[in-house]
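One letter stands for each residue in the lines below.
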Amino acid sequence: MSTLTVKMLGDSRVSVDGKPIIFQYKKVEAMFLYLSVKKHATRDELSNLLWIDKDEIIARKNLRNAIYELKKSFNGQGELLNINKTMIELNPGIEIITDVDDFLRDEVEVDGYHGSFLQNYSVKDADNFESWMLEKRDSLRNIYLKRLNQLVEIAKRENNLDGIEKYCKLIIKNDEFDENAHRNLLNCYKLQGKFNNGLELHDRLSGVLEKELAITPELETEKVFSEFLKDMHLRRKAENKKMFFYGRKKELLIIDDNCQKFIDGSGEAKSILIKGEMGIGKTWLKNKLIHNFAGKDVYLFENDCYQFEKEHRLNAWKHITFCLLQTAKNDQVRIPFNPSQEVRLEDFIDLMNHDNFEYLILTLLNTLSEKKKIVISFEDIHWMNESSISLLISMLSRIDSQRVMFVFTCRNEVVHSLEKFYIFIKKYNKLEPIMLCRYTKNEVEGFIHKARPNTIVSKEVLDRIYAETEGNTFFLAEYMNALNSKKDINVMTAKMQDIIGSKFLDMSKEEKKISEITSLFDNGAPLFVFTELLQKDELEILDMIEGLENRCILEEINNSNSLSVQFTHRKLREFQYMNLTHVRKSVLHNKVAQLLENRLGNDSRNIDAYYQIAYHFKNANNLVDFLRYKIKILNINLDFSHERFPVLHFENKFYNQFEFDDKKIKKKIQELKEILENIKAAGGETLDVLQLEMSVLHIEGRYMIRRGAYDEGLGCIRNLMEIAQDVASREFIIEACKQTLLYCIQTNYTDMMMKYINYGYEQVREQKELVNIWELKRFEAIYYTMTGDHLTAEGLITECLELLNRPARNSNQYVLHTAACYDEMGGIKKSRGELTEALHYYEKAIRLCEQRNVWISISLFYTHAGEIAYWLGKYAIAKKYFEKALGVYSRIKYNAGQPIAEGYMSLLLLKEGNYKSALRYLLKADRNANILRIPKEQGTVLRIQCKFRLIMESNLELYEVFKDYLHQSFECYAQESLTMLKLAKEDYQISLLEGLS
């Protein structure tokens, strides 16, 4: 039987077995929702509910039509309604599940309350329905709030702070004027140490009450907040005293010198302004300054400024004024404004106007300073409002700086209310500014060693701590605490979150969006991303960014000559990112990836963009597109190591950055296979998924062939061919043919080469694109060279060169194909015994690559040229080429030609009498020749072993070095070499071998 589900808490939705029901018009739906709650209603009740503005006859007619349309909406679901002349009810025989019934049934249920009853719902010309809906909404909301308050009390009894926080937030979300919930949450934040959350909570409550009701919070709320501030102040003071500190010798010297001048009058003392970013150590330095006055005959007054005080006139001065008045009273100092005993000092201060207030403070300072010198400390003056700043400037200009010293701390942010203050201190030189910068890496190391003198911290841990903290004192201290307690140093602590959270308070909605988008990028967010995602012009975006730059949250950077922004500290980014919901992260990352992809267009050369797009698709959990770009990236990397002569899509400097680590390549291929399996498990084998599978098989297959694992490699290529034929992918059919041909070339297996060459030609012709035609011609030329038909091979190479030298192909992109043709022509000349001509073509290939600064594949050309130069007796030239070849080979694993270069280097070192080095090279050649098992390479190395074995018989010194390695007979090595060289059709080398006998 079908199940009818009705959701009315939050946005309404009616469905049958998960499929939504569409109603013909709004009043039909409204009637059904009413019946879903009431279960039954009279005809008159429904008529009055929905058509009160119509006369009785029309209302009844409309009701009949609505009943008919309602039945049609549920057509096929059985008899929905039981109807008689007066009553209409939902059929009790049909299973109807409503979230309202579920919510009311369970007396402690709160999780099922997903929003207000019929949220955002309205029906035109149905006032009675509207009244019923609002009444029901209030009733359910009151039940919900009552249950939440009960859960708060239970959580308080159990000291469940997470529960208190959760349920109080839900209450406030549904009733922003509930001050009891605010008080409970304030106390909870106090116990959790989430002081910035508490400040934001109280600030928001005060703003809502002022804006909506023109009142201030209740006295009980203010009392709780006062206790909250007191606890915050004491706890932070205690934490600052315990805080380990390091360095700042220059700054401490300035402070000590200034304090000494102030105490003994030995010179001109100035007030002190300590500036720096959040968590840099301003408070610690201020406390060191204050400590200088311990035991001295001075009055000391301190006050912390808070963000919420910005809206309250002169609030930053009230505590100081209260303390001054209290001190004057205790020390029996007479002042002109002496409040009567009946008036509380706090009320006395509140009742004064600005001018009287300023005069009172000035008088108090001048009067008290006659008795003792005064030091007044203001923490975080960036939170002062303009009236407090104005008063501060007035005090600095009018008091005697040798009797009264001010000490300020301030963040290095652009604060407009402080502009006059900075102008004043610069003009009149009244303050000594001290700017605290982040620690350098060396200073961070010193900090760690001083904090943990008996512990050896590895370079890896040091690098990680510096990367995470960027030299910020607060973060360093937190990381030291984590190390001391053996906790994970990568976790952002609750204290970090509380401190960082203060920077994100009072952001506008637009600034918040800018911050969220920036957090998606780990290397800066480009300006165009904001303009596209937020649909605003650049000037609007720059205004928003400037606001965040002024608060030292964001900073501008240049990425590839384009403007980007990033967070001023990586922990700010981490905080913002971790506070994004999972859904929001996914949506934003996907939008950014699509935006970057659209901007990329047909540019296949921008690998940096590929990395960025892959990163965003991965974090969007878009596995299909993530895998697509992972494949692109790996293909670009492996084109240079797995293709003998790749098409070049990048600038020369691009190839020069590659180093090919075999372990990393294997790991990356395995990652591709795992992602592919996850995609197939989630969505099956669609055409898009099969395209990805072919790409992965191609990568794995050519990798296996490249490293000599021929069975596994050919298995992948066969699977690739089968899928490509099934989906008619000519591109991958051609790639499968190419990889099979490369296997045949490496193993000297010519029997099936023409089959795949002809199949490749067939695919190219049907593709109606001759892009790959010269590759196939070159493969065909190699086949004829391998089978001894040098004349046909030479003709095909000449055709290839003509195709490649046409204007459309004569570019850097195809330079290696042209060089490869010269190399093949050199091989043909060598096979004919025309060695000088062969060297000419090899050197032509080399020059072409050197002129274009292309090093990929040039190693093979160097090797071939070195071999011919050796045969011609040009040993110095040969050695130069082999050294260059081996320099390139050292950067890539599994190289065709490498054993030959190593073998000939051993012969050259033999001539020089450097036998030990010769042994090292011959051992390498032997090992590498048996990886790819290319007959020519194996035969060449065996022929060189023959030569060494022959010379050993007459050279005792050589014998001693090589005896443990070349312990078989000359004839044994010669027979093995002859077998391989015949297989490779190396006639010239065979003649050289026969000459040794």
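Look above for the structure.
As the structure is a computational prediction, the values presented were derived from the model and not from experiment.

Help me understand the overall build of the protein chain in this model?
Along the backbone of the protein chain there are 45 helices and 15 strands. Considering only C-alpha atoms, the protein chain reaches an extent of 125 × 105 × 55 Å along its principal axes. Taken over 997 residues, the protein chain has a buried fraction of 53%. A fraction of 67% describes how many contacts in the protein chain between residues 6 or more apart in sequence connect residues 24 or more apart. Summing over all exposed atoms, the protein chain offers an accessible surface of approximately 48000 Å²; the carbon and sulfur share of this is 48%. Treating the 139 positive side-chain charges of the protein chain as one cloud and the 146 negative ones as another, the clouds have centres 3 Å apart.

I tried to follow a negative patch on the surface on my own but got confused; where do I start?
Where like charges cluster on the molecular surface, the negative patch consists of Asp537, Glu538, Glu540, Asp543, Glu546 and Glu556. Relative to the elements of secondary structure, Glu546 occurs in helix H23 (residues 538-550). When its relative accessible area of 42% is taken as the criterion, Glu546 is described as partly exposed.

Mind showing me how you'd approach helix H18 (residues 459-469) here?
The periodicity of an α-helix, 3.6 residues per turn, causes residues three or four places apart in sequence to face the same way. Of the residues making up H18, those classed as buried are Val461, Leu462, Ile465, Glu468 and Thr469. On an axial view of H18, the arc spanned by its buried residues comes to 135 degrees, and they lie on one face. Along H18, the residues that are exposed and aim more than 90 degrees away from the buried face are Lys459 and Glu460. Following H18 by one or two positions, Glu470 has its phi on the positive side, about 55 degrees.

Mind showing me how you'd approach the side chain of His202 here?
Tracing the chain through its elements places His202 in helix H8 (residues 195-213). If we ignore the near neighbours within four places in the chain, the residues touching His202 are Pro217, Glu222 and Phe225.

Please clarify how a nonpolar patch on the surface should be interpreted in this entry.
A grouping of Phe177, Leu213 and Ile215 is seen on the molecular surface, where their side chains present a nonpolar patch of about 240 Å² in accessible area. With respect to the helices, strands and loops of the structure, Ile215 is situated in the loop between H8 and helix H9 (219-242).

Is there a simple way to explain the sheet that holds strand S5 (residues 81-83) in this structure?
Within a sheet, each strand pairs with its neighbour through backbone hydrogen bonds, oriented either parallel or antiparallel. Here we have 3 strands laid out as an open sheet, ordered S4-S6-S5, and antiparallel in their pairing. The sheet is open, and its two borders are formed by strand S4 (40-42) and S5, each paired with just one other strand. For this sheet the average axis-to-axis angle between neighbouring strands, irrespective of direction, equals 15 degrees. Seen against the sheet, helix H3 (residues 56-73) touches S5 and strand S6 (87-90) and runs at an angle of roughly 150 degrees to S5.

What should I look at first to understand the sheet that holds strand S12 (residues 431-435) in this one?
In spatial order, the strands read S9-S10-S11-S8-S12; together these 5 strands make up an open sheet with parallel pairing. Of all the strands in the sheet, just strand S9 (298-304) and S12 have a single pairing partner and so form its edges. Going from strand to strand, the sheet's axes swing by 15 degrees on average, the running direction of each strand aside. In this sheet, strand S11 (residues 404-411) lies alongside strand S8 (residues 271-276) in parallel orientation, the contact comprising 5 bridges. Across the sheet, the residue bridging to Ile272 is Val407, located in S11. Contacts from helix H12 (residues 315-330) reach S9, strand S10 (373-379) and S11 within the one sheet, and its direction differs from that of S9 by about 155 degrees. Against the sheet, helix H15 (residues 386-398) contacts S8, S11 and S12, and its axis sits at roughly 145 degrees relative to S11.

What is the right way to look at the side chain of Glu165 in this model?
Take Glu165: it is sitting in helix H6 (residues 161-174). Assessed through its relative accessible area of 10%, Glu165 is described here as buried. Reaching out from Glu165, the side chain makes a polar contact with the side chain of Gln192 at a distance of 3.0 Å. Discounting chain neighbours no more than four positions away, the residues touching Glu165 are Leu185, Cys188, Tyr189, Gln192 and Lys194.

Before we go on, may I ask you to explain the pattern of salt bridges in this structure?
Any two side chains of opposite charge can pair, on the condition that their charged atoms come close. This structure, assessed with the given rule, holds 49 salt bridges. Here Glu277 makes a salt bridge to Arg438, at a shortest N to O gap of 2.7 Å. Of this pair, Glu277 sits in the loop between S8 and helix H11 (282-291) while Arg438 sits in the loop between S12 and helix H17 (441-451); the two residues are 161 residues apart in sequence, bridging distant segments of the chain. Using a relative accessible area of 27% as the deciding quantity, one classes Arg438 as partly exposed. For Glu986, the salt bridge identified is with Lys830, shortest N-O distance 3.5 Å. With Glu986 in the loop between helix H44 (970-983) and helix H45 (987-996) and Lys830 in helix H36 (residues 815-831), this residue pair connects regions lying 156 residues apart in the sequence. When its relative accessible area of 10% is taken as the criterion, Glu986 is described as buried. Classification of Lys830 by relative accessible area gives buried; the value is 7%. In this structure, a network of salt bridges that share partners links the residues Glu468, Arg570, Lys571 and Glu574.

The rules behind the values
Residues numbered from 1 in each chain as written. Predicted model: local features only at pLDDT ≥ 70, side-chain atom pairs only at ≥ 80, totals over all residues. Heavy atoms only, no water. Helix = DSSP H or I, 4+ residues; strand = E, 2+ residues; numbered from the N terminus. Buried < 20%, exposed > 50% of the residue type's maximum accessible area, 1.4 Å probe, protein only. Contact = heavy atoms within 4.5 Å. Areas by Shrake-Rupley, 256 points an atom, 1.4 Å probe, with all protein chains shown as cover. Lys, Arg positive; Asp, Glu negative; His and termini not counted. Charge placed at Lys NZ, Arg CZ, Asp CG, Glu CD. Patch = residues over 30% accessible without salt bridge, like charges linked within 9 Å, V, L, I, M, F, W, Y side chains within 5 Å. Salt bridge = Lys/Arg side-chain N within 4 Å of Asp/Glu carboxyl O. Arc of directions from axis to C-beta. Pairing = 2+ DSSP bridges. Axes fitted to C-alpha atoms, helices over the stretch in contact; angles between N-to-C directions. Polar contact = N/O pair within 3.5 Å; in protein donor to acceptor, adjacent residues only side chain to side chain.

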